[in-house]
Each structure stands twice: as structure tokens, then as C-alpha cells.
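So you can see what is in the structure, the chains are spelled out below.
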Amino acid sequence: MPTIDPKRSTLVVVDFQDRLMPVIAEAETAIANARRLLEGAALVGIPVVFTEQNPKGLGRTVAGLPTAGHPVIAKQTFDSLPAPGFLPALAPAHALVVVGCEAHVCVCQTVLGLLARKRQVYVVRDAVGSRAAESKETALRRMERHGAEIVTTEMVLFEWVESAEHPKFRDVAKLVR
């Protein structure tokens, strides 16, 4: 798989919700990295799509990850693909950079569904979470085995700007300091 093409990628933010985050291991780190990616996406013009699993039961997306101006897809299924509006929100030729919770449930099922549809998927390991570390690691291995690229927040940010000559390079570099 090549590096992430900033002209052909979408950030998919899966289920970072109020009532779910207190039970996620290292939730603060996953949220902080997702926030960095959202800020980087805004700087370089990457589209963003959010999902919320059963928002009546699990609450809305955490306040630290602003959804304003982006599609927010409510869903009941763990896999986001059957949710009305999800697939149409994704540009057909875009690679999908996926972050969210829980890695072994909604993230994994969404990623496997996208891969089954021959989509290029990058899962950001330091911006996904599960209640248990072993569940997260098992999900990452499974997604990778089926064709997802496992990346980090910094990898994504620097692939989005491609060069130190990019006009937003300094702004993006500040996100990782």
C-alpha cells in the first residue's frame, strides 16, 4: 500500500462517545490523538465522517472531538456500513483513515466491512481503544491480517502534508510536539 494520499482520503471517527469512554483503557490518549487528526484534517482539507453507536444509550461524541460541519451517522449496528447515510458520506475513491472505539467491536466490524468492499483502510493504532488491551491488540492483528494498514497519528499527519514545503507543515508539526 502506498502512503496516504491527502487528496484521496477521509477520516472516519467511530463512536468516541460520552458514556463509553470512561471504561476504555488509555481513553485520554486515543481522544488526544483523534483530536490531533481532526485538527490536521482541518488544516489540509481532509473530509471527516463521525459515527455514534446508539446515541440515546451511549451519549453523543465527546466534547473534545468537535463534530460541527461534519456528517454524524447514528447507528445501531456495530458495523457502520448498514447505517443509513454512512456509505454515501464516503467519497468512493478515498482511502479511509479510521479511529475510534471499541477497536474489537465497532471499529473492527466497520473496517472488515470496508475491506470486503475493496476499500483501502488505514487504522490508527494510537487513536483506537478498547476496554482491555488484549482486545485492542487482537483486533489490530485481525484487521491487518485482512488487509488494513496499521499506522500511527504522526504517520498520518506527515503523510497528509507530504513535505516540509507544504504550506501547513509547521502547523501540522505543532500538533505532534
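Keep in mind it's a predicted model, so treat the numbers as computed, not measured. (Residues numbered from 1 in each chain as written. Predicted model: local features only at pLDDT ≥ 70, side-chain atom pairs only at ≥ 80, totals over all residues. Heavy atoms only, no water.)

A. Quick peek at the overall build of the protein chain. Within the protein chain, the regular secondary structure consists of seven helices and six strands. For the protein chain, the N- to C-terminal ordering of α and β elements is β-α-β-α-β-α-β-α-β-α-β-α-α. For the protein chain, the C-alpha radius of gyration of 15 Å lies close to 16 Å, the compact-globule estimate for 177 residues. In terms of overall dimensions, the protein chain has a C-alpha envelope of 45 × 30 × 30 Å along the principal axes. Burial status across the protein chain gives 50% buried among its 177 residues. In the protein chain, the proportion of contacts linking residues at least 24 apart, taken out of those at least 6 apart, comes to 75%. Surface exposure of the protein chain reaches about 8,400 Å², of which carbon and sulfur atoms provide 53%. Distance between charge centres in the protein chain, computed from 21 positive and 19 negative side chains, equals 4 Å. (Helix = DSSP H or I, 4+ residues; strand = E, 2+ residues; numbered from the N terminus. Rg over C-alpha atoms; globule rule 2.2 N^0.38 Å. Buried < 20%, exposed > 50% of the residue type's maximum accessible area, 1.4 Å probe, protein only. Contact = heavy atoms within 4.5 Å. Areas by Shrake-Rupley, 256 points an atom, 1.4 Å probe, with all protein chains shown as cover. Lys, Arg positive; Asp, Glu negative; His and termini not counted. Charge placed at Lys NZ, Arg CZ, Asp CG, Glu CD.)

B. Main features of the pairing of strand 5 (residues 121-129). With respect to burial, strand 5 is a largely interior element, seven of its nine residues being buried. Each parallel crossover has a hand, and the one from strand 4 (residues 95-101) via helix 4 (residues 103-116) to strand 5 is right-handed. Relative to strand 6 (residues 149-151), strand 5 is paired through three bridges, and the arrangement is parallel. Bridge assignment links valine 123 to a residue of strand 6, and that residue is isoleucine 150. Handedness of the strand 5-helix 5 (residues 133-145)-strand 6 crossover: right-handed. (Right-handed = clockwise from strand over helix to strand, strands pointing away. Pairing = 2+ DSSP bridges.)

C. Examining the sheet that holds strand 4 more closely. Pairing in this open sheet of six strands is parallel, and the strands run 3-2-1-4-5-6 from one edge to the other. Every other strand in the sheet has two partners, leaving strand 3 (72-75) and strand 6 as the edge strands with one partner each. Ignoring strand direction, the axes of neighbouring strands in this sheet form an average angle of 25 degrees. As defined by bridge partners, strand 2 (residues 48-53) adjoins strand 3 across four bridges and the pair is classed as parallel. Note on strand 3: the bridge partner recorded for phenylalanine 50 is valine 72. Against the sheet, helix 1 (residues 27-44) makes contact with strand 1 (9-14), strand 2, strand 4 and strand 5, and its axis sits at roughly 135 degrees relative to strand 5, the strand it touches most. In this fold helix 6 (residues 153-161) packs onto strand 1, strand 4, strand 5 and strand 6, with an angle of close to 135 degrees to the strand it touches most, strand 5. (Axes fitted to C-alpha atoms, helices over the stretch in contact; angles between N-to-C directions.)

D. Structural view of the pattern of salt bridges. Taken as a whole, this structure holds five salt bridges when the rule is applied. The closest approach of N and O atoms between arginine 60 and glutamate 52, which form a salt bridge, is 2.8 Å. In this structure, glutamate 137 and arginine 125 form a salt bridge, with 2.6 Å as the shortest nitrogen-oxygen distance. Here arginine 125 lies in strand 5 and glutamate 137 lies in helix 5, a separation of 12 residues in the sequence. Given the relative accessible area of 30%, glutamate 137 is considered partly exposed. (Salt bridge = Lys/Arg side-chain N within 4 Å of Asp/Glu carboxyl O.)

E. Spatial organisation of the UniProt feature "domain: Isochorismatase-like" (unreviewed entry) in the protein chain. Summarizing the sequence annotation, UniProt attributes the feature "domain: Isochorismatase-like" (unreviewed entry) to residues 10-154 in the numbering used throughout. Helix makes up 38% of residues 10-154 and strand makes up 23%, while its end C-alpha atoms are separated by 16 Å. (UniProt positions renumbered as here; feature names shortened; annotations may be inferred.)

F. Looking closely at the environment of alanine 83. As for its placement among the helices and strands, alanine 83 is situated in the loop between strand 3 and helix 3 (86-89). In this structure alanine 83 comes out as buried when scored by relative accessible area, which is 6%. Linking alanine 83 and proline 66, residues 17 residues apart in sequence, is a C-alpha distance of 21 Å.

G. Just the packing of helix 4 against helix 5, in detail. The interhelical angle for the contact between helix 4 and helix 5, taken along N-to-C directions, is 5 degrees, at an axis separation of 10 Å. Taken together, helix 4 and helix 5 sit at an angle that is classed as roughly parallel. Between helix 4 and helix 5, the residues in contact are Ala103, His104, Val107, Cys108, Val111, Leu112 and Leu115 and Ser135, Lys136, Ala139, Arg142 and Met143, respectively. For the contact of helix 4 with helix 5, the per-class residue count stands at eight nonpolar, two polar and two charged. (Parallel < 35°, antiparallel > 145°, perpendicular 65-115°, else oblique. Nonpolar A, V, L, I, M, F, W, Y, C, P; charged D, E, K, R; others polar.)

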